[in-house]
2 protein chains.
Amino acid sequence: MRYSRQGELIYRTVKKSKMHPDANLVYEQVKKIVPKISLGTVYRNLNYFTKNGLIRSIVDGSKTRYDGNLDPHYHLQCDICGVIKDIKAKDINLRFQLNDKYDFKASNIEFTIKGKCNKHK
Amino acid sequence: MRYSRQGELIYRTVKKSKMHPDANLVYEQVKKIVPKISLGTVYRNLNYFTKNGLIRSIVDGSKTRYDGNLDPHYHLQCDICGVIKDIKAKDINLRFQLNDKYDFKASNIEFTIKGKCNKHK
DNA sequence: ATTCATGCAAAGGGTTTGCAGGAAA
DNA sequence: TTTCCTGCAAACCCTTTGCATGAAT
(Lines give C-alpha, C1' and ligand atoms only; values in the text may rest on other atoms or scores of the structure.)
Protein backbone atom coordinates (compact mmCIF):
# COMPACT_ATOMS: atom_id res chain seq x y z
CA MET A 1 0.00 0.00 0.00
CA ARG A 2 1.14 3.46 -0.88
CA TYR A 3 2.28 5.75 1.89
CA SER A 4 -0.10 8.33 3.29
CA ARG A 5 0.08 10.57 6.30
CA GLN A 6 -3.37 9.40 7.34
CA GLY A 7 -2.37 5.75 7.18
CA GLU A 8 0.76 6.34 9.17
CA LEU A 9 -1.11 8.22 11.88
CA ILE A 10 -3.82 5.53 12.07
CA TYR A 11 -1.21 2.82 12.41
CA ARG A 12 0.74 4.68 15.07
CA THR A 13 -2.39 5.45 17.02
CA VAL A 14 -3.36 1.79 17.27
CA LYS A 15 0.20 0.72 18.03
CA LYS A 16 0.58 3.23 20.80
CA SER A 17 -2.82 2.76 22.40
CA LYS A 18 -3.26 0.28 25.19
CA MET A 19 -7.01 0.66 25.36
CA HIS A 20 -8.02 -1.47 22.37
CA PRO A 21 -9.72 1.40 20.52
CA ASP A 22 -12.56 1.00 18.08
CA ALA A 23 -12.58 2.72 14.68
CA ASN A 24 -14.35 5.79 15.98
CA LEU A 25 -11.85 6.33 18.77
CA VAL A 26 -8.97 6.07 16.32
CA TYR A 27 -10.84 8.53 14.12
CA GLU A 28 -11.23 11.02 16.96
CA GLN A 29 -7.56 10.74 17.84
CA VAL A 30 -6.23 11.21 14.32
CA LYS A 31 -8.71 14.00 13.67
CA LYS A 32 -6.84 16.12 16.19
CA ILE A 33 -3.91 16.11 13.80
CA VAL A 34 -5.68 15.81 10.44
CA PRO A 35 -9.06 17.47 11.01
CA LYS A 36 -10.45 16.61 7.57
CA ILE A 37 -9.82 12.87 7.80
CA SER A 38 -12.88 10.72 7.16
CA LEU A 39 -14.15 7.66 8.98
CA GLY A 40 -14.04 5.76 5.69
CA THR A 41 -10.32 6.28 5.48
CA VAL A 42 -9.91 5.07 9.04
CA TYR A 43 -11.86 1.89 8.28
CA ARG A 44 -9.99 1.27 5.03
CA ASN A 45 -6.65 1.55 6.77
CA LEU A 46 -7.63 -0.49 9.80
CA ASN A 47 -8.90 -3.25 7.51
CA TYR A 48 -5.69 -3.18 5.55
CA PHE A 49 -3.48 -3.33 8.62
CA THR A 50 -5.57 -6.13 10.09
CA LYS A 51 -5.55 -8.24 6.93
CA ASN A 52 -1.81 -7.86 6.66
CA GLY A 53 -1.14 -8.78 10.25
CA LEU A 54 0.21 -5.42 11.35
CA ILE A 55 -2.45 -5.13 14.01
CA ARG A 56 -5.09 -7.46 15.46
CA SER A 57 -8.83 -7.02 15.63
CA ILE A 58 -11.07 -7.93 18.55
CA VAL A 59 -14.80 -8.53 18.44
CA ASP A 60 -16.64 -6.49 21.06
CA GLY A 61 -20.37 -6.97 20.80
CA SER A 62 -21.57 -5.23 17.67
CA LYS A 63 -18.28 -3.55 16.97
CA THR A 64 -14.66 -4.20 16.20
CA ARG A 65 -11.80 -3.01 18.32
CA TYR A 66 -8.12 -2.99 17.44
CA ASP A 67 -4.99 -4.08 19.20
CA GLY A 68 -1.47 -3.14 18.25
CA ASN A 69 0.07 -5.75 20.51
CA LEU A 70 1.13 -8.74 18.41
CA ASP A 71 2.68 -10.74 21.23
CA PRO A 72 0.75 -13.94 22.01
CA HIS A 73 -1.91 -12.93 24.46
CA TYR A 74 -5.59 -13.22 25.22
CA HIS A 75 -8.12 -10.84 26.70
CA LEU A 76 -10.00 -10.09 29.86
CA GLN A 77 -13.10 -8.01 29.31
CA CYS A 78 -15.19 -6.35 31.99
CA ASP A 79 -18.95 -6.90 31.69
CA ILE A 80 -19.61 -3.58 33.39
CA CYS A 81 -17.34 -1.01 31.77
CA GLY A 82 -16.20 -2.97 28.71
CA VAL A 83 -12.53 -2.38 29.34
CA ILE A 84 -10.25 -4.93 27.74
CA LYS A 85 -7.00 -5.98 29.40
CA ASP A 86 -4.34 -8.22 27.99
CA ILE A 87 -3.48 -11.49 29.62
CA LYS A 88 -0.22 -13.12 28.63
CA ALA A 89 -0.51 -16.43 26.85
CA LYS A 90 2.01 -17.93 29.22
CA ASP A 91 -0.31 -17.30 32.16
CA ILE A 92 -2.81 -19.64 30.62
CA ASN A 93 -2.33 -23.32 30.31
CA LEU A 94 -4.40 -24.56 27.41
CA ARG A 95 -4.54 -28.16 26.36
CA PHE A 96 -6.89 -29.65 23.85
CA GLN A 97 -7.09 -32.66 21.64
CA LEU A 98 -8.55 -32.00 18.25
CA ASN A 99 -7.15 -33.68 15.21
CA ASP A 100 -8.46 -37.20 15.50
CA LYS A 101 -11.71 -36.59 17.26
CA TYR A 102 -12.90 -33.37 15.66
CA ASP A 103 -11.26 -33.42 12.24
CA PHE A 104 -10.51 -29.71 12.31
CA LYS A 105 -7.29 -27.89 11.57
CA ALA A 106 -6.83 -25.12 14.11
CA SER A 107 -5.12 -21.91 13.08
CA ASN A 108 -6.21 -19.32 15.59
CA ILE A 109 -7.62 -19.33 19.07
CA GLU A 110 -9.94 -16.70 20.41
CA PHE A 111 -9.91 -16.77 24.13
CA THR A 112 -11.59 -14.09 26.16
CA ILE A 113 -12.48 -14.20 29.81
CA LYS A 114 -15.43 -12.03 30.75
CA GLY A 115 -16.12 -10.84 34.26
CA LYS A 116 -15.58 -7.85 36.49
CA CYS A 117 -12.49 -5.71 36.53
CA ASN A 118 -11.00 -4.26 39.70
CA LYS A 119 -13.17 -1.14 39.55
CA HIS A 120 -16.41 -3.07 40.02
CA LYS A 121 -15.94 -5.38 42.96
CA MET B 1 -43.25 -13.74 29.13
CA ARG B 2 -46.71 -14.51 27.84
CA TYR B 3 -47.16 -17.54 25.61
CA SER B 4 -47.25 -17.09 21.88
CA ARG B 5 -47.15 -19.54 19.03
CA GLN B 6 -44.37 -17.51 17.42
CA GLY B 7 -42.27 -17.61 20.56
CA GLU B 8 -42.71 -21.33 20.95
CA LEU B 9 -41.72 -21.98 17.35
CA ILE B 10 -38.69 -19.73 17.61
CA TYR B 11 -37.54 -21.47 20.75
CA ARG B 12 -38.05 -24.94 19.30
CA THR B 13 -36.27 -24.02 16.12
CA VAL B 14 -33.14 -22.94 17.97
CA LYS B 15 -33.29 -25.92 20.33
CA LYS B 16 -33.60 -28.40 17.49
CA SER B 17 -31.03 -26.86 15.19
CA LYS B 18 -27.44 -27.99 15.32
CA MET B 19 -26.20 -25.38 12.89
CA HIS B 20 -26.05 -22.37 15.22
CA PRO B 21 -28.51 -20.31 13.17
CA ASP B 22 -28.58 -16.55 13.03
CA ALA B 23 -31.80 -14.55 13.45
CA ASN B 24 -32.54 -14.54 9.76
CA LEU B 25 -32.25 -18.30 9.46
CA VAL B 26 -34.60 -18.78 12.38
CA TYR B 27 -36.93 -16.31 10.70
CA GLU B 28 -36.88 -18.25 7.44
CA GLN B 29 -37.58 -21.50 9.25
CA VAL B 30 -40.49 -20.23 11.31
CA LYS B 31 -41.90 -18.37 8.32
CA LYS B 32 -42.65 -21.72 6.72
CA ILE B 33 -45.17 -22.31 9.50
CA VAL B 34 -46.27 -18.74 10.28
CA PRO B 35 -45.79 -16.86 7.02
CA LYS B 36 -46.68 -13.45 8.45
CA ILE B 37 -44.12 -13.53 11.26
CA SER B 38 -41.79 -10.53 11.33
CA LEU B 39 -38.06 -10.34 11.87
CA GLY B 40 -38.66 -7.98 14.80
CA THR B 41 -40.58 -10.70 16.59
CA VAL B 42 -37.78 -13.15 15.98
CA TYR B 43 -35.24 -10.75 17.44
CA ARG B 44 -37.42 -9.92 20.44
CA ASN B 45 -37.88 -13.58 21.27
CA LEU B 46 -34.26 -14.53 20.70
CA ASN B 47 -33.16 -11.71 22.98
CA TYR B 48 -35.59 -12.80 25.64
CA PHE B 49 -34.51 -16.44 25.52
CA THR B 50 -30.86 -15.45 25.59
CA LYS B 51 -31.23 -13.08 28.54
CA ASN B 52 -33.09 -15.74 30.48
CA GLY B 53 -30.57 -18.45 29.78
CA LEU B 54 -32.83 -20.66 27.70
CA ILE B 55 -30.43 -20.48 24.76
CA ARG B 56 -26.93 -19.13 24.21
CA SER B 57 -25.71 -16.54 21.75
CA ILE B 58 -22.50 -16.68 19.77
CA VAL B 59 -20.69 -13.77 18.15
CA ASP B 60 -19.93 -14.43 14.48
CA GLY B 61 -18.30 -11.42 12.87
CA SER B 62 -20.91 -8.72 12.51
CA LYS B 63 -23.79 -10.92 13.52
CA THR B 64 -25.16 -13.00 16.34
CA ARG B 65 -25.87 -16.70 16.10
CA TYR B 66 -27.80 -18.83 18.56
CA ASP B 67 -27.17 -22.14 20.19
CA GLY B 68 -29.76 -24.27 21.95
CA ASN B 69 -27.15 -26.49 23.53
CA LEU B 70 -26.64 -25.47 27.15
CA ASP B 71 -24.13 -28.15 28.04
CA PRO B 72 -20.65 -26.77 28.79
CA HIS B 73 -18.94 -26.57 25.46
CA TYR B 74 -16.87 -24.31 23.23
CA HIS B 75 -16.76 -23.78 19.50
CA LEU B 76 -14.75 -24.60 16.44
CA GLN B 77 -15.38 -22.26 13.55
CA CYS B 78 -14.22 -22.72 9.98
CA ASP B 79 -12.56 -19.69 8.40
CA ILE B 80 -13.71 -20.78 4.96
CA CYS B 81 -17.37 -21.73 5.27
CA GLY B 82 -18.16 -20.27 8.68
CA VAL B 83 -19.63 -23.49 10.03
CA ILE B 84 -19.59 -23.76 13.80
CA LYS B 85 -19.12 -27.08 15.54
CA ASP B 86 -19.34 -27.79 19.22
CA ILE B 87 -16.36 -29.03 21.15
CA LYS B 88 -17.01 -30.52 24.54
CA ALA B 89 -15.56 -28.66 27.50
CA LYS B 90 -14.06 -31.86 28.82
CA ASP B 91 -11.93 -32.21 25.71
CA ILE B 92 -10.18 -29.00 26.61
CA ASN B 93 -7.90 -28.61 29.52
CA LEU B 94 -7.86 -25.01 30.59
CA ARG B 95 -5.73 -23.69 33.39
CA PHE B 96 -5.15 -20.09 34.24
CA GLN B 97 -4.11 -18.02 37.17
CA LEU B 98 -5.93 -14.75 37.47
CA ASN B 99 -6.93 -13.46 40.85
CA ASP B 100 -3.67 -12.24 42.29
CA LYS B 101 -1.90 -11.15 39.16
CA TYR B 102 -4.70 -9.67 37.12
CA ASP B 103 -7.23 -8.55 39.72
CA PHE B 104 -10.20 -9.64 37.66
CA LYS B 105 -13.17 -11.75 38.67
CA ALA B 106 -13.96 -14.17 35.87
CA SER B 107 -17.54 -15.16 35.19
CA ASN B 108 -17.61 -16.44 31.66
CA ILE B 109 -15.12 -17.77 29.17
CA GLU B 110 -15.40 -17.37 25.44
CA PHE B 111 -13.25 -19.87 23.74
CA THR B 112 -13.39 -20.42 20.01
CA ILE B 113 -10.87 -22.17 17.85
CA LYS B 114 -10.75 -20.94 14.28
CA GLY B 115 -9.33 -22.93 11.43
CA LYS B 116 -10.41 -25.21 8.61
CA CYS B 117 -13.12 -27.82 8.87
CA ASN B 118 -12.91 -31.22 7.21
CA LYS B 119 -14.39 -29.95 3.96
CA HIS B 120 -11.49 -27.62 3.24
CA LYS B 121 -8.32 -29.60 3.73
C1' DA C 1 -61.80 -6.38 29.56
C1' DT C 2 -57.07 -5.92 30.21
C1' DT C 3 -52.51 -6.92 29.10
C1' DC C 4 -48.93 -7.51 26.29
C1' DA C 5 -46.69 -9.80 22.08
C1' DT C 6 -47.17 -9.20 17.39
C1' DG C 7 -46.55 -7.17 12.37
C1' DC C 8 -45.06 -3.44 10.09
C1' DA C 9 -42.05 0.02 8.87
C1' DA C 10 -38.92 3.39 10.19
C1' DA C 11 -34.74 4.30 12.54
C1' DG C 12 -30.41 3.01 14.63
C1' DG C 13 -25.34 1.76 14.98
C1' DG C 14 -21.37 0.18 12.81
C1' DT C 15 -19.19 -0.53 8.47
C1' DT C 16 -18.50 -0.47 3.44
C1' DT C 17 -18.37 1.58 -1.09
C1' DG C 18 -18.73 4.63 -5.57
C1' DC C 19 -17.08 8.64 -7.10
C1' DA C 20 -14.37 12.77 -8.13
C1' DG C 21 -10.39 15.19 -6.58
C1' DG C 22 -5.76 15.39 -4.77
C1' DA C 23 -1.44 13.40 -3.04
C1' DA C 24 2.34 9.94 -3.86
C1' DA C 25 5.50 7.81 -7.01
C1' DT D 1 1.71 11.75 -15.69
C1' DT D 2 -0.06 7.93 -13.81
C1' DT D 3 -1.56 5.55 -9.84
C1' DC D 4 -4.22 5.07 -6.05
C1' DC D 5 -5.58 6.90 -1.50
C1' DT D 6 -8.48 10.28 0.27
C1' DG D 7 -12.97 12.91 1.71
C1' DC D 8 -17.61 12.82 1.17
C1' DA D 9 -21.98 10.92 1.15
C1' DA D 10 -24.91 7.34 0.10
C1' DA D 11 -25.72 2.66 0.83
C1' DC D 12 -25.27 -1.56 3.42
C1' DC D 13 -26.18 -5.11 6.98
C1' DC D 14 -27.83 -6.41 11.26
C1' DT D 15 -30.62 -5.14 14.95
C1' DT D 16 -33.83 -2.33 17.63
C1' DT D 17 -37.97 0.30 18.36
C1' DG D 18 -42.65 3.03 18.16
C1' DC D 19 -47.08 2.27 17.07
C1' DA D 20 -51.59 0.27 16.24
C1' DT D 21 -53.73 -4.26 16.10
C1' DG D 22 -54.82 -8.67 17.64
C1' DA D 23 -54.01 -12.64 20.58
C1' DA D 24 -53.55 -14.46 25.43
C1' DT D 25 -55.25 -14.40 30.02
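Everything numeric here is computed off the predicted structure, so don't read it as measured data.

(A) Spotlight on the environment of Arg-5 of chain A. Residues and elements named next belong to chain A. Looking at the secondary structure, you find Arg-5 in helix H1 (residues 5-16). Taking the C-alpha atoms as reference, Arg-5 lies 47 Å from Tyr-102; in sequence the two are 97 residues apart. Once you skip the residues sitting within four places of it in the chain, Arg-5 turns out to touch Ile-33 and Val-34.

(B) Up close: the domain arrangement of chain A. Residue and element names in this part refer to chain A. When cut into domains, chain A gives domain 1 (5-67) and domain 2 (73-116). Taking only C-alpha atoms, the centre of domain 1 and the centre of domain 2 are 23 Å apart. Counting residues at the interface gives six residues for domain 1 and seven residues for domain 2. Approximately 590 Å² of surface area, both sides summed, lies buried where domain 1 meets domain 2, with 40% of it carried by carbon and sulfur atoms. For the domain 1 face of the interface with domain 2, the top three residues by lost area are His-20, Arg-56 and Arg-65, together amounting to 59%. Summed over the shared surface of domain 1 and domain 2, the result is zero salt bridges. The element that contributes the greatest number of residues to the side of domain 1 that touches domain 2 is strand E1 (residues 56-60), accounting for three residues. The class makeup of the residues in the side of domain 1 that touches domain 2 is one nonpolar, one polar and four charged.

(C) Examining the packing of aromatic side chains more closely. Throughout the structure, instances matching the rule amount to nine aromatic pairs over all chains. Between Tyr-48 of chain B and Phe-49 of chain B, the aromatic rings sit 5.7 Å apart at their centres with planes inclined by 70°, giving edge-to-face as the arrangement. For Tyr-48 of chain B, a relative accessible area of 27% puts it in the partly exposed group. Judged by its relative accessible area of 7%, Phe-49 of chain B is buried. Aromatic ring contacts, followed pair by pair, group Tyr-74, Phe-96 and Phe-111 of chain A together with Tyr-74, Phe-96 and Phe-111 of chain B into a single cluster.

Reading guide: rules and limits
Residues numbered from 1 in each chain as written. Chains lettered and ligands numbered in written order. Predicted model: local features only at pLDDT ≥ 70, side-chain atom pairs only at ≥ 80, totals over all residues. Heavy atoms only, no water. Helix = DSSP H or I, 4+ residues; strand = E, 2+ residues; numbered from the N terminus. Contact = heavy atoms within 4.5 Å. Domains from an automatic or database assignment. Buried area = accessible area lost by both parts, 1.4 Å probe. Salt bridge = Lys/Arg side-chain N within 4 Å of Asp/Glu carboxyl O. Nonpolar A, V, L, I, M, F, W, Y, C, P; charged D, E, K, R; others polar. Phe/Tyr/Trp six-rings, centres within 6.5 Å; stacked < 30°, edge-to-face > 60°. Buried < 20%, exposed > 50% of the residue type's maximum accessible area, 1.4 Å probe, protein only.

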